[in-house]
Amino acid sequence: MPMWTGGVGSPRQGTAPAPTDDLFARKLRQPARPPLTPHTFEPRPAWSPLLRSGSDAGEARPPTPASPRARAHSHEDASRPAAVPTRLFTDPLALLGLPAEEPEPTYPPVLEPRWFAHYDVQSLLFDWAPQPQGTRGHMEASSATPASAEDQSAISDLLLGAPGFVSELGGEGELGLGGPMSPPVPPALPNAAVSILEEPQNRTTAYSLEHADLGAGYYRKYFYGKEHQNFFGVDEELGPVAVSLRREEKEGSGGSTLHSYRVIVRTTQLRTLRGTISEDALPPGPPRGLSPRKLLEHVAPRLSPSCLRLGSASPKVPRTLLTLDEQVLSFQRKVGILYCRTGQGSEEEMYNNQEAGMAFTQFLTLLGDVVRLKGFDSYRAQLDTKTDSTGTHSLYTMYQDHEIMFHVSTMLPYTPNNQQQLLRKRHIGNDIVTIVFQEPGSKPFCPTTIRSHFQHVFIVVRAHAPCTPHASYRVAVSRTQDTPAFGPALPPGGGPFSANADFRAFLLAKALNGEQAAGHARQFHAMATRTRQQYLQDLATNEVTTTSLDSASRFGLPSLGGRRRATPRSPGCELQAAGALTWGVRAAPGARVAVGAEVGSPDSAELPCLLGISAEALVLVAPRDGRVVFNCACRDVLAWTFSEHQLDLYHSRGEAITLRFDGAPGQAVGEVVTRLQLVSRGCETRELAPPRDGQGRLGFEVDTEGFITHVERFTFAEKAGLRPGARLLRVCGRTLPSLGPEATAQLLRSAPKVCVTVLPPEESGRPRRSFSELYTLSLQEPSRRVAPEPAQDETLEVVLQPIAKQLLRLCLQDGGGPPGPGDLAEERTEFLHSQNSPSPRSSLSDEAPVLPNTTPDLLLVTTAKPAVPGAGRETPPSQEQPGSPSGHEDRDNLAPELKASFLPRTLSLRNSISKIMSEAGSETLEDEWQSISEIASTCNTILESLSREGQNLGAYQRRSLTWRPCLGSCRRT
C-alpha cells in the first residue's frame, strides 16, 4: 500500500487513506492551498513587457505594500505573515536560458568621451559592451515592412508569401521617422545610404547604393603612409583589440595651430570607433601632446591600457589593418539569374531550361553584355576563363564602379538526364541575390522552392508584351526576415517599368543593395565576425613589441623655435569639430510644442535616437535596431524653435521634426543650437499671433510657397517686424507641407485666432531657401527656356564649336560621378548661386526692400540651335558620331585634341572660375554683379584663346551659350 511521505505540505503523516471515487472526499484530502498574493491597484512598472509569477527565471520583484482596500478584499488572515515575493521574469527568452533583453532606455546614452567627433554612422553605433547577435534580433527586418505586405502576397501573381521571408510587392516606401515615407529625391540621400558624416556625401545618380560602410576607408585615407602608432592586445572583457592613433596639426584663424587626435578602436564587433577629438576638449597637457595612455584614458575608458603593446614596424601590420577594415568593401559582385518559362514555377523546372527564349534574351541584352569567358581578364566570379568548363559565355556589366558578373542558368553547362543540374546550382545556389525572370503566364514564385543556405534575396521580374515596342516589366522582392529592407523602393504594384536604361539602373541598384543588406543577416554576420576575430588575434599575438602603453613615445615633437605660449581656449571650441557630435534625444515627426509651452511626459510616438550633427549632415540613428531614421544636409536646415527641453527643427522644404532632450534645463538644447549656428545657415524662428482688423484681414499677403509678399502699413504685422521676404513655416500649429496651399489659405482667411511661426529673411532681404529647393529650381529652369522670349540687352549669344563646349563643361563640372538616368542629357543646367524672388502678387510699398528675382544669378545653358537656311555651312561628318543624335555629348567622352592640348589650361581656368564663385556669396548686390562680370570675362578669354589657335568657328555646328544674369537683382530702389 502506498505511503505518504511526511514533510511540509503533506495533509497528514502516517498511512495514506484508501482511494475513493468520491470527488468531495478527494477535495478534502488535497494539501492546503498556498496563501494568496496580496492584490494591489497600483500600476505596474512600464518597463516590463511581460510579467508572470510562479517561475524562477528573471529578477526578484520587491514586495509591494498592500493598500488597506486590498487587505479588506483579501481572504488572508491579518495575523498571517506576508507572502514571500515570487521571482518574475521580463523576457520569455529567459525560460530558454538565453540572456534577457535590456529595457529600452528613455534617452539613449551618449558614447564617451562627450566631445568625440565621429567620422561615420558606424562609429555612432559603436558599443563597448555589445549584446550577442542572436539575442537582440533584427528589429529592422521585421519593422521595415508594413504588415499589409504579407496580406498582399497572397493575391500577387508574381510572388507567394512563405514562412521566414518578407515580401515587397510595391508601395512600401522607405522606413523613416514615424513610419513609411516616400523615397527622397536628389540631392537628398535615402536613410540607408548615409555613411560618412565628416565629409560631404553627394548623390550624383538617381539610385543610391545603400548599407555600404564607406567609412571603412578611414585608415587608408588618414593613417596609411603617415606617421601614426598602432597598439594591439587582448582585453579581458572585449577580447582582441587594435587601436590606431595619430596627431594632426591644422592652421587655425589668426595664424594659430590647432591640434587634434584621430582615433580608431577595433574590437570583435563589426562596428568600429572612428573619429577625432580636439586637444581643446581634453585636459591641458604638455606642448608635445598627450601620451597615448592619457589619450586612451579619455577616449576609451572601458579599455584596459595594461593589455596593449606597441605594434611592430613590419610592413605587414598596415597591410593587415587595411584588409581588416576594408573587408566589408567590395566592388565585385555576382548575381544569379534563373529563367522561368510559361507554366513553370519549381526549382527543377527553372534549372532544366536548356535554351533561352526571345523574351529572356531581350532582358539579358538590357541588363549587360555577353562576354567570351576564355581569356576574359576582368572579374570572373569563380567562372573558368581557361578551359570553358563553366560555359563559353556569360553576362557582365559595370554599374557605379562595381563589376557585376551574372551566373545565367542557360549559359552554365547543362547535364542531360540530371534533374538537379548540380553544375548550374553550384554557382547560382551560392549567390546571395538571385533574379528570377518570368515569362508571361508563369506561376507565382515561392522562395521555399529554392533549397539553399546562401540565397537570401530573390528579385522576381515578370515580362509584359516582350519583344514588342511596348515591352515592360513588373518587379517583386522576397528577402529573409533577418535581412533589412533596402532600396530603391518599388512603385505601387511593382511597376510597370519600361525597357530602358532607367529600369536597368533600378534593377542593378536593387541587386547591389540587396547583397549589401544581406550582410547584416545572422549567417553572414557571424562569418564576418569570425574572420575579424582571427585578424585581431593574429595581430595581438604575432605583431607586437615589448613596448607597453606607458613607455610609448608621445605623438608630437618639441618645436625647434622654442616653447610657444599656450593660447587660451575659447568657450564652445569643442563644438567646432568637423565630425559628428552626439546627443541622446527622443524624436518625432512634425513640430509639437510652441516656445514657452511646458514639456509633458514623452509621447508614445517618440523614438529614442542618437542625434549626430557634423559639419555636413544631421542624422538621427535608432540604436535599438542600428538604422538611420532621418537625415538631411546641414545646408538644408532652415530654422529652429526651442525651449528648455525641446527643439523643433525645420529643414528642406519646410518639413519639421521634434527633438526632446534630457538633463539640465537648456543645457543640451543650448549646445545643439550653438552647433547648428556654426554648421548651417539657419536661424531662430519667431512666433506671432497677429490680430485681425475690422475687415477680418491679417495685414499681409502670402504666396503658395509660404513667402510673405506684401505687408500693409500701420498694422500689427508690421509693428511686430514682419516684412516681405519672410517665410511661414507653421500655421495654427501645423507645418505648411502637411497643410498644403489650399488648407493654409483657408486657415489664414477663416481661423478665429491665427498663430504663425515665421522665418525671417536674410539681411539682404532675400527669402531663405534650403539647398534642395535651390537645386530643384535650377533643374526646372531649362523647361522655362524652351521658347525663350527675346529681350534687349539681357541676352548675350556666343557661337561655340563642340570643343569649346566640352571645354566649358569640363571647367564647370563638379568632379562627381557619371550622370545617372535622371540627369538631363540634352540640356544641362549648372547650379552655381541662386537668389529668390517674391510672388507676382507682390505689391511692395516705397519703403519696403525690393526682393531679388527667383532666377539664379548665373545659369549656363548649352542648347542646340537649328541650322540657318542658305548659310552655306555644313557640319563635317567627322564631328558627329554615328548613331548619336545631334546635341548629345557625353562629358566623359572628350575630344582627343581637347585632352592633349587644352587640359592644362582647362584646369587653370576651372580653378579661376571656382575661386570667383567661392567669392560670390557677398553681402551686397554690387559685389555679386561684379563676380558675374568676372566670370563673363573669364569665359570670353576662353573663346579668344581658342580663336587664336586657328580654330574655325564656322566649321562646326552652331551652338548658343546663353547668359541670363539676374538684372533685376542689381536694380536700385
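Residues numbered from 1 in each chain as written. Predicted model: local features only at pLDDT ≥ 70, side-chain atom pairs only at ≥ 80, totals over all residues. Heavy atoms only, no water.

**With respect to the nonpolar core**
What tends to happen in soluble globular proteins is that the nonpolar side chains get buried as a cluster. Phe-363, Phe-406, Ile-435, Ile-459 and Val-461 are the most contacted members of the largest nonpolar core, which totals 43 residues. At ten residues, the largest contribution of residues to this core is made by helix α13 (residues 501–518). Those residues within four positions of Val-461 in sequence are excluded, and the remaining contacts are Phe-363, Ile-435, Val-436, Phe-437, Gln-438, Tyr-473, Arg-474, Val-475, Phe-503 and Leu-507. Counting 31 residues, the second-largest nonpolar core is a separate cluster that includes Leu-575, Leu-618, Leu-620 and Val-629. (Core = buried A, V, L, I, M, F, W, Y, C linked by side-chain atoms within 4.5 Å. Buried < 20%, exposed > 50% of the residue type's maximum accessible area, 1.4 Å probe, protein only. Helix = DSSP H or I, 4+ residues; strand = E, 2+ residues; numbered from the N terminus. Contact = heavy atoms within 4.5 Å.)

**Quick notes on the packing of aromatic side chains**
Evaluated as defined, the whole model comprises 20 aromatic pairs. Ring geometry for Phe-363 against Tyr-473: centres 5.8 Å apart, planes inclined by 55 degrees, an arrangement best described as tilted. Of the two residues, Phe-363 is situated in helix α11 (residues 358–367) and Tyr-473 in strand β16 (residues 472–480); the sequence distance between them amounts to 110 residues. The exposure class of Phe-363 is buried, given its relative accessible area of 1%. Every member of this aromatic cluster is reached through a ring pair, and the members are Tyr-207, Tyr-339, Phe-360, Phe-363, Phe-437, Tyr-473, Phe-497, Phe-503 and Phe-506. Directly above the ring of Phe-771 sits Arg-635, whose terminal nitrogen or CZ lies 3.8 Å from the centroid. Residue placement shows Arg-713 over the ring face of Phe-714; its charged tip is 5.0 Å from the ring centre. (Phe/Tyr/Trp six-rings, centres within 6.5 Å; stacked < 30°, edge-to-face > 60°. Lys NZ or Arg CZ within 6 Å of the ring centre and 35° of its normal.)

**Digging into the sheet that holds strand β27 (residues 686–688)**
Read from one edge of the open sheet, four strands run β27-β32-β30-β31, paired in antiparallel fashion. This sheet does not close on itself; its edge strands, each paired only once, are β27 and β31 (734–735). Looking at chain direction, strand β30 (residues 727–731) and β31 are connected through two bridges and run antiparallel. Pairing of Val-731 across the sheet is with Arg-734, part of β31. (Pairing = 2+ DSSP bridges.)

**What about the pattern of salt bridges?**
Counted by the stated rule, this structure contains 34 salt bridges. Notably, a salt bridge pairs Asp-157 with Arg-474, separated by 3.2 Å at the nearest N-O pair. With a gap of 317 residues between them, Asp-157 in the loop between α6 (148–153) and β2 (165–168) and Arg-474 in strand β16 connect regions that are remote in the sequence. For Asp-157, a relative accessible area of 35% corresponds to the partly exposed category. According to the relative accessible area criterion, Arg-474 is partly exposed, its value standing at 21%. Across the salt bridge formed by Arg-262 and Glu-248, the nearest N and O atoms sit 2.8 Å from each other. Here the residue Arg-262 occupies a position in strand β7 (residues 257–266), and Glu-248 occupies one in strand β6 (residues 239–251), the gap between them amounting to 14 residues. Connected through shared salt-bridge partners, Glu-198, Arg-246, Glu-248 and Arg-262 make up one network. (Salt bridge = Lys/Arg side-chain N within 4 Å of Asp/Glu carboxyl O.)

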